[in-house]
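Here is how the chains run, residue by residue.
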Amino acid sequence: MQIPLQITLKDMPQSDAVESRIREKAEKLSRFHEKIISCRVVVETPQRHQHQGKLYSVHIDLSVPGAELVANKAQHEDVYVAIRDAFVAITRQLEDFARRQRGDVKAHSTPGT
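Residues numbered from 1 in each chain as written. Predicted model: local features only at pLDDT ≥ 70, side-chain atom pairs only at ≥ 80, totals over all residues. Heavy atoms only, no water.

## Side note on the packing of helix 1 (residues 16-28) against helix 2 (residues 79-102)
Inference 1: With their axes 11 Å apart at the nearest point, helix 1 and helix 2 run at an angle of 20° to one another. Taken together, the axis directions place helix 1 and helix 2 in an arrangement best described as roughly parallel. Viewed along their axes, helix 1 and helix 2 form a crossing whose handedness is right-handed. Residue-level contacts link Ala17, Val18, Arg21, Ile22, Lys25 and Ala26 of helix 1 to Val79, Tyr80, Ile83, Arg84 and Phe87 of helix 2.
Inference 2: For the contact of helix 1 with helix 2, the class distribution of residues is eight nonpolar, no polar and three charged. (Axes fitted to C-alpha atoms, helices over the stretch in contact; angles between N-to-C directions. Helix = DSSP H or I, 4+ residues; strand = E, 2+ residues; numbered from the N terminus. Parallel < 35°, antiparallel > 145°, perpendicular 65-115°, else oblique. Left-handed = near helix turned anticlockwise from the far one by under 90°. Contact = heavy atoms within 4.5 Å. Nonpolar A, V, L, I, M, F, W, Y, C, P; charged D, E, K, R; others polar.)

## Brief notes about helix 1
Inference 1: Between its first and last C-alpha, helix 1 extends 19 Å over 13 residues, near the 18 Å set by a 1.5 Å rise per residue.
Inference 2: Among the residues making up helix 1, those that are buried are Val18, Glu19, Ile22 and Ala26. Along helix 1, the residues classed as buried sweep out an arc of 95° about the axis, all on the same side.
Inference 3: Contact partners of the buried residues in helix 1: strand 1 (5-10), strand 2 (38-44) and helix 2. (Expected span 1.5 Å × (residues − 1). Buried < 20%, exposed > 50% of the residue type's maximum accessible area, 1.4 Å probe, protein only. Arc of directions from axis to C-beta.)

## Focus: the pairing of strand 1
Inference 1: In terms of strand pairing, strand 1 meets strand 2 through six bridges, oriented parallel. Paired with Leu5 across the bridge in strand 2 is Cys39.
Inference 2: What joins strand 1 to strand 2 is helix 1, and the crossover it makes is left-handed. (Pairing = 2+ DSSP bridges. Right-handed = clockwise from strand over helix to strand, strands pointing away.)

Pasting the structure below:
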């Protein structure tokens, strides 16, 4: 399935290699949920002066029927590691959401019932 993908690179030069890696990772998401509505990925270098090198930040906003999943904690000096970490986080959220939708997750029973 072709996922509607929007890639934005902020405060960094345009890179075909980075965009290619993002497209490759986004295609793998369709294994976990067949009805992905959209996927927005923003890669940026926040302007922080405390850190020695550039720190890349990756934010993923994924829409599926019934939910909007967000991963925005991935930061690393290597842009590819930041992309990998963000996609690991969003994949985990997508798997959990798909499991809940299928009813694979058991509900906790209240004690004494």
